[in-house]
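Working through the structure, step by step
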Amino acid sequence: MKSVRIAGGLGFYGDSWQPIKASIERGNVQYVASAHLAKLTLAILQKDRQRDPNLGYTRDLAPMLLDLLPIAIPRGVKFVLNAGGLNPMAAREILLGTLKKFGMKLKVGVVLGDSVLERLDELQEVGVSLAHMDTGADITTVRDRLLFASAYLGARPLVEALDAGADIVLTGRVADAALFLAPMMHELGWRWDDWDKLAQGIVVGHLLECSGQATGGNFGGDWRSIPNLAHIGYPIAEVWENGDAVISKAPGTGGRVNFDTLREQLLYEVHDPRHYMTPDVDVDMTTLRMEEIGLDEVRVTGAKGRPAPEMLKIVAGYEDGVMGQAMLGYAWPDALAKAQLAAEIIQQQMIEVGLKTEEIVIEYIGYDSIHGPLADPTHAKDLNEVYLRIAVRCTDKKEAAKIGRLFPPLALSGPPFIGGAGGMIEPRSLLGIWPTLAPRTVIEEYIRVSVEES
Amino acid sequence: MKKQLVELAHARSGDKGDIANIALFAPDQATYDLLVREVTTERVRTHFAGIVTGKVERYEAPNVLALNFVLHGALNGGASRSLRSDALGKSLSSALLRMEIEV
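Below: a short report on this structure. The model shown is predicted, which means the values in this text are computed figures rather than measured ones.

Time to look at the overall build of chain B. Regarding its fold elements, chain B presents three helices and six strands. Each helix (α) and strand (β) of chain B, taken in turn from the N terminus, gives the series β-β-β-α-α-β-β-α-β. Counting the 103 residues in chain B, one finds 59% classified as buried. Look at the contacts in chain B between residues 6 or more apart in sequence, and 61% of them connect residues 24 or more apart. Accessible area of chain B: about 3800 Å², with a carbon and sulfur share of 51%. Averaged over its 13 positive side-chain charges, chain B has a centre that lies 5 Å from the centre of its 12 negative ones.

On the side of chain A, 49 residues touch chain B, which itself brings 41 residues to the contact. Carbon and sulfur atoms supply 53% of the area buried between chain B and chain A, which totals about 3800 Å² over both sides. Summed over the three residues of chain B that lose the most area to chain A, namely R12, S80 and L83 of chain B, the buried surface amounts to 23% of that side. Among the ionic pairs, D320 of chain A bridges to R81 of chain B, the shortest N-O distance being 2.4 Å.

Here the focus is unusual backbone geometry. Residues and elements named next belong to chain A. A cis amide bond links W332 with the next residue in sequence, P333, at an omega value of 0°. Take P333: it is sitting in the loop between β14 (311-331) and α10 (335-352). Of note, N218 is a non-glycine position whose phi angle comes to about 45°, a positive value. Among the structural elements, N218 can be located in the loop between α8 (195-208) and β7 (235-240).

With that out of the way, let us pick up the nonpolar core. Membership of the largest hydrophobic core comes to 78 residues, with the highest contact counts inside it found for M184, V203, V239, I247, L267 and I443 of chain A. The element contributing the most residues to this core is helix α7 (residues 176-188) of chain A, with nine residues. Leaving out residues up to four positions away in the same chain, L267 of chain A has contacts with H206, P273 and M285 of chain A together with N21, A23, F25, A61, V64, A66 and N68 of chain B.

Below, the discussion takes up helix α1 (residues 18-26) of chain A. Working note: α-helix, 3.6 residues per turn, so residues spaced by three or four point in the same direction. Residue and element names in this part refer to chain A. Turning to α1, its buried residues are P19, I20, A22, S23 and I24. Taken together, the buried residues of α1 touch β1 (3-8), β2 (31-34), α3 (61-72), β3 (78-81) and β7. Just beyond α1, the residue with positive phi is N28, at close to 55°.

Another aspect to go through is a nonpolar patch on the surface. Residues and elements named next belong to chain A. Together, M133, M311 and L437 line one region of the surface with nonpolar side chains, adding up to about 240 Å² of accessible area. The residue M133 is located in the loop between α5 (120-125) and β5 (146-151) in this model. For M133, a relative accessible area of 36% gives the class partly exposed.

Attention shifts here to the packing of aromatic side chains. All names here are of chain A. Evaluation of the coordinates by the stated rule reveals one aromatic pair over all chains. Aromatic side chains Y318 and W434 sit 6.3 Å apart centroid to centroid with 70° between the ring planes, which places their arrangement in the edge-to-face category. Here W434 lies in strand β18 (residues 428-439) and Y318 lies in strand β14, a separation of 116 residues in the sequence.

Our next topic: the sheet that holds strand β5 (residues 66-72) of chain B. The strand order β2-β3-β5-β4 (chain B) describes an open sheet built from four strands, whose pairing is antiparallel. Since the sheet does not close on itself, it has two edges, and those belong to β2 (10-16) and β4 (56-61) of chain B, each with one partner. Taking each pair of neighbouring strands and ignoring which way they run, the sheet shows an average axis angle of 20°. The pairing of β2 of chain B with strand β3 (residues 19-25) of chain B spans seven bridges and is antiparallel. The residue bridging R12 of chain B from the neighbouring strand is A23 of chain B, located in β3 of chain B. Against the sheet, helix α9 (residues 259-266) of chain A contacts β2 and β3 of chain B, and its axis sits at roughly 25° relative to β2 of chain B. Of the strands in this sheet, β3, β4 and β5 of chain B touch helix α1 (residues 29-38) of chain B, which is tilted by about 155° from β4 of chain B.

On to the sheet that holds strand β6 (residues 168-170) of chain A, then. All names here are of chain A. Strand order in the open sheet formed by 10 strands is β11-β12-β8-β7-β1-β2-β3-β6-β4-β19, and the pairing between neighbours is mixed. For this open sheet the edge positions go to β11 (289-294) and β19 (448-453), each flanked by a neighbour on one side alone. Looking at each pair of strands side by side, their axes are set apart by 20° on average, direction ignored. When strand β8 (residues 245-249) meets strand β12 (residues 297-301), the two strands line up antiparallel, connected through three bridges. Its bridge partner being in β12, A245 is matched across the sheet by V300. Sitting on the sheet, α3 is in contact with β2, β3 and β6, with an inclination near 160° to β3. Its contacts with the sheet put helix α6 (residues 156-163) on β2, β3, β4 (107-112), β6 and β19, and the angle it makes with β19 is roughly 30°.

Residue and element names in this part refer to chain A. Per the stated rule, a full pass over the model turns up 29 salt bridges over all chains. Salt-bridge contacts for D48 lead to R59; the nearest nitrogen and oxygen are separated by 3.1 Å. Taken together, the residues span a long stretch of sequence, with D48 in helix α2 (residues 39-51) and R59 in the loop between α2 and α3 at a distance of 11 residues. For D48, a relative accessible area of 6% gives the class buried. Of the residues examined, R59 reaches a relative accessible area of 40% and is grouped as partly exposed. In this structure, R92 and E93 form a salt bridge, with 3.5 Å as the shortest nitrogen-oxygen distance. Judged by relative accessible area, E93 falls into the partly exposed class, the value being 45%. Members of the salt-bridge network, linked through shared partners, are D48, R51 and R59.

What counts and how
- Residues numbered from 1 in each chain as written.
- Chains lettered and ligands numbered in written order.
- Predicted model: local features only at pLDDT ≥ 70, side-chain atom pairs only at ≥ 80, totals over all residues.
- Heavy atoms only, no water.
- Helix = DSSP H or I, 4+ residues; strand = E, 2+ residues; numbered from the N terminus.
- Buried < 20%, exposed > 50% of the residue type's maximum accessible area, 1.4 Å probe, protein only.
- Contact = heavy atoms within 4.5 Å.
- Areas by Shrake-Rupley, 256 points an atom, 1.4 Å probe, with all protein chains shown as cover.
- Lys, Arg positive; Asp, Glu negative; His and termini not counted.
- Charge placed at Lys NZ, Arg CZ, Asp CG, Glu CD.
- Buried area = accessible area lost by both parts, 1.4 Å probe.
- Salt bridge = Lys/Arg side-chain N within 4 Å of Asp/Glu carboxyl O.
- Core = buried A, V, L, I, M, F, W, Y, C linked by side-chain atoms within 4.5 Å.
- Patch = residues over 30% accessible without salt bridge, like charges linked within 9 Å, V, L, I, M, F, W, Y side chains within 5 Å.
- Phe/Tyr/Trp six-rings, centres within 6.5 Å; stacked < 30°, edge-to-face > 60°.
- Pairing = 2+ DSSP bridges.
- Axes fitted to C-alpha atoms, helices over the stretch in contact; angles between N-to-C directions.

Next comes the structure, spelled out in structure tokens:
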């Protein structure tokens, strides 16, 4: 029976591509599918593009491919990447230029049409409300602050690029799992209404889209049992014509692929596991079977699919204020009490200097900064050290920067025994997320696919 | 007898906008049945008072011995606008494991 072997690439912009080398050299893969875009990423890319219209893609694209192509080309390994971000055409230009410079002759496909920021009026004219998907709120409240709006596309245009001979497919926003479904559709001859096979394909993509999280990274179980995380292998899937799949990783790499590491990834960022909604299929994960068939080998079968939804998800991002923050550490004895006194001093001074904030978060790092009100107070009395962190939400950068200037005087004029006064932390722009829905027909009519040789 | 969930199960959390999910995994069928009985939507909502502002939903995935909790209003407006250190809610999973249940 025919099959295809696909390697999981990055899990986000900034992730390491070193583990992909092992998948290419020793994992016998035909494709690498790589997910570069988190929601925050699009905001970063939008700022890049505002500064320079030739930016707006993830700039790890060229260095990553320059590092991987010398081992990928001799093996015929192809790439599917959403590194195009908000500007897939600019990504293609930079990539074609780089390939030419190094004498590599490859076909680069590009998928356009996910970005709908310029088309929002048109969408509203044809009756799309753009109301917030979870709260029902009206988009007019954020409309003038929008930085991007991207629809999650499915695998079809990616398959079109592969069918046209692309060695590298660049996209903007698509469902992450669609990056993986595309090579399966291209290789295995599935139909777009083979719902159960599509469901299997999406489950496999979902398992692979977060790099090391499928192979023992961020593992909530017995994390000590995961070997050699320093050289973790990223996940590899082999998927057969009938939809059955085996998840593994390259021989000699660290990490672990077993029932426990994979089931954690299966439900990661999932809401209703009976209806995992993607542009290509509505997936039921509860019929799935996962069985360990060898060391670092898990067979995945039995996902069920229902017809693809009529509506596609759009995620827009809008400017939502600025965060200012500052930190200072206090030593035993009574570290927490000292940090608490420092917090009181700062709060009084915030009022006196008239610092205008919409929200204040006070955290004691080493005590409650991660679990908040759920932190266990029985440990509070005798901590070795505690860092006070105060974060404020302000309307502008200038206001947010004021919090940092209140901290240094605490060194000589506050409670005793400080450390870790690491200087000012730059205020950071905050981004509100606006998820909404639109009929797929009005999105898909703008999808364009092209392939060009370097 | 009471036991803390950390002794019985493992968990992973993820974020989507201002909604977090926490999947709770049992090692065997008997423990899964116990979790289904004890770790109710209402108990989880109470457990996360002060962090989660909206409703809590629970989904069952018995094929992988897991309960999936969906926590609305869990992330200070969402990771990219949150002021919290754990903006992504990656540690909400371990916070759930603090819960004590009757075994």
